[in-house]
2 protein chains.
Amino acid sequence: MSKPHQPRKHARQARARATQEAIVEAAARILEADGASALTTNRIAERAGVSIGSLYQYFPDKRSVIAQLLRRERAALLDDVRAASDGGGDPFAAVGALVDAALRHQFARPAMAMELERVETGLAMDNEEIALAAAIETAIGNILRRLDPQADAATARDVVAICRAIVNTAALAGETDPTRIRERVLRAVIGYLRPPAFSIP
Amino acid sequence: MSKPHQPRKHARQARARATQEAIVEAAARILEADGASALTTNRIAERAGVSIGSLYQYFPDKRSVIAQLLRRERAALLDDVRAASDGGGDPFAAVGALVDAALRHQFARPAMAMELERVETGLAMDNEEIALAAAIETAIGNILRRLDPQADAATARDVVAICRAIVNTAALAGETDPTRIRERVLRAVIGYLRPPAFSIP
DNA sequence: GTCTATATAGAGATAGAC
DNA sequence: GTCTATCTCTATATAGAC
């Protein structure tokens, strides 16, 4: 059998996927290194090693590049959260695993996560993003209800918000020790979930 | 004595101050109504009822308009926090007053506060802003130490972050009842401050 | 001192050669 | 399919009349 000189269809598709992923990852790296204001289509193309024309071959506009990065990150978080909810029966351990997932997600690339959040707020969510966000909220709610039977959608949102806020603030202030931050996040989350025994004035 | 037909110096200064304030408030209203991406110098001038040329008579560049808005908001928060720390001896009441101050600040104009935060992150702080932020942190730390003697700068940052995060998330999700939100913020903050009696896994 | 008109720069996006 | 060159738009900021 001679060497085929025309790539098969799925080989081309694989190459196309790789290029798409390179573009998305280039956007991630720019966010990480230089922030949201540096995220221009020309820079994305340059960093991805393709021309601006090629970028627009793969994505209809800038927004869709960011949207795909968002989907990628959210899908990874969803996987992590679901894995956390599989862990055994101890409710405290489950919440601990949930916090770990959130921290891992936020701490893997803290600057990127922060800048992506900033960009996200200015973007309308499409259907797939809404579905992912809802799935994450549901999965988190399932875990939280093991500790706090009244936990609802607002509870899940608050817990995510607390995790993000403490990690982002710590990262901005130059903290780098995840265990110290984990301890603080857990205190806030557990305290939030279990109504304190003392009275609130 | 005839009607003076030339304004005195401090009258001119007062007019100038009023124009400056009108420009800053116009920026605030644009953030509130249309978000950070709509905050252009032309729109600020238009909304303030002056021409773009006049805006640049009062501010050297766009950044300094935003900076003055930031200073205005931070100074107001500092006043509120200091007032909260004056209240009597009960540490829980003091923390409650602190949370109320933060909520009042964030809830007075939630959309504006959120968008201003977004803009802020992309801006380098000047000396006056750094001083204000430090003063706020110190004042909060003084209150927190009444409940938690180990409270340090990171503690104060975390508490502010928790307040902001829960309020912003709630506002984004369409919640409007401040008392419900206050209860959740207090649970998270008090839980964060007092190490729980049960063990953390 | 306030305006209109405009210079300048950089963004997103497209056209058309190869 | 990928590139270079470029269009178009909109932003910040300035110039110069009044």
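The rules behind these values
Throughout, a residue's number is its position along its own chain's written sequence, starting from 1. Labels are handed out in written order, letters beginning with A for the chains and numbers beginning with 1 for the ligands. With pLDDT at 70 or above as the cut-off, local features in this predicted model cover only qualifying residues; side-chain atom pairs require 80 or more to be listed or tallied, and sums for whole chains, interfaces and linings still use all residues. As a rule here, side-chain values come from all non-hydrogen atoms in the structure, and water together with hydrogens is ignored. As annotated, the domain borders come from an automatic or database domain assignment. A simple way to read buried area is as the amount of 1.4 Å-probe accessible surface that goes missing from two parts once joined, with both sides added. A least-squares superposition brings the copies together, and it is based on the C-alpha atoms of residues with pLDDT no lower than 70 in both. We call two residues contacting when some pair of their heavy atoms lies within 4.5 Å. Two N or O atoms form a polar contact when they lie within 3.5 Å of each other; inside protein one atom must be a possible hydrogen donor and the other a possible acceptor, and for residues adjacent in sequence the pair counts only when both atoms belong to side chains. Helix numbers and strand numbers start at the N terminus; a helix is a DSSP run of H or I with at least 4 residues, a strand a run of E with at least 2. Any residue outside Ala, Val, Leu, Ile, Met, Phe, Trp, Tyr, Cys, Pro, Asp, Glu, Lys and Arg is labelled polar, Gly included; the first ten of those are nonpolar and the last four are charged. The angle between two axes is taken between their N-to-C directions and runs from 0 to 180 degrees, where each axis is a line fitted to C-alpha atoms and a helix contributes only its stretch in contact. Just so you know how the angles are binned, under 35 degrees is roughly parallel, over 145 roughly antiparallel, 65 to 115 roughly perpendicular, and the rest oblique. By convention the crossing between two helices is left-handed if the near helix lies anticlockwise of the far one by an angle smaller than a right angle, and right-handed if it lies clockwise.

Draft legend 1. Region of the structure containing the domain arrangement of chain A. Residues and elements named next belong to chain A. Looking at the assigned domains, one finds that chain A contains domain 1 (7-59) and domain 2 (64-193). Each of domain 1 and domain 2 was reduced to a C-alpha centroid, and the two centroids are 27 Å apart. For the domain 1 and domain 2 pair, buried surface summed over both sides reaches about 1200 Å², with 66% attributable to carbon and sulfur atoms. Taken as a group, Val-24, Leu-31 and Glu-32 account for 41% of the area that domain 1 buries against domain 2, more than any other trio of residues on that side.

Draft legend 2. Molecular detail of the relation of the copies chain B and chain A. Mapping chain B onto chain A leaves a residual RMSD of 0.0 Å; the transformation is a rotation of 180° accompanied by 0.0 Å of translation along its axis. Taken together, these values place the two copies in the relation of a two-fold axis. By C-alpha distance to the rotation axis, the residue of chain B lying nearest is Gly-191 of chain B, at 1.8 Å. The overlap is high: 97% of the interface residues of chain B also sit at the interface in chain A, so the same surface is used on both sides.

Draft legend 3. Focus on the interface of chain B and chain A. In this complex, chain B contributes 32 residues to the contact, which on the side of chain A involves 32 residues. At the junction of chain B with chain A, the criterion picks out seven residue pairs in polar contact (both at pLDDT 80 or more). Those elements that provide at least two residues to the side of chain B that touches chain A are helix H5 (91-108), helix H6 (110-121), helix H8 (153-172) and helix H9 (178-193) of chain B. With nine residues, the top contributor of residues to the side of chain B that touches chain A is H9 of chain B. Its residues assigned to classes, the side of chain B that touches chain A comprises 19 nonpolar, four polar and nine charged.

Draft legend 4. Broad picture of the packing of H5 of chain B against H8 of chain B. All names here are of chain B. Taken N-terminus to C-terminus, the directions of H5 and H8 make an angle of 40°; their axes are 10 Å apart at the nearest point. Taken together, the axis directions place H5 and H8 in an arrangement best described as oblique. The chirality of how H5 crosses H8 is right-handed. Judged by residue contacts, Ala-102, Leu-103, Gln-106 and Phe-107 of H5 engage Cys-163, Arg-164, Val-167 and Asn-168 from H8. Looking at the contact of H5 with H8 residue by residue, the class counts come to five nonpolar, two polar and one charged.

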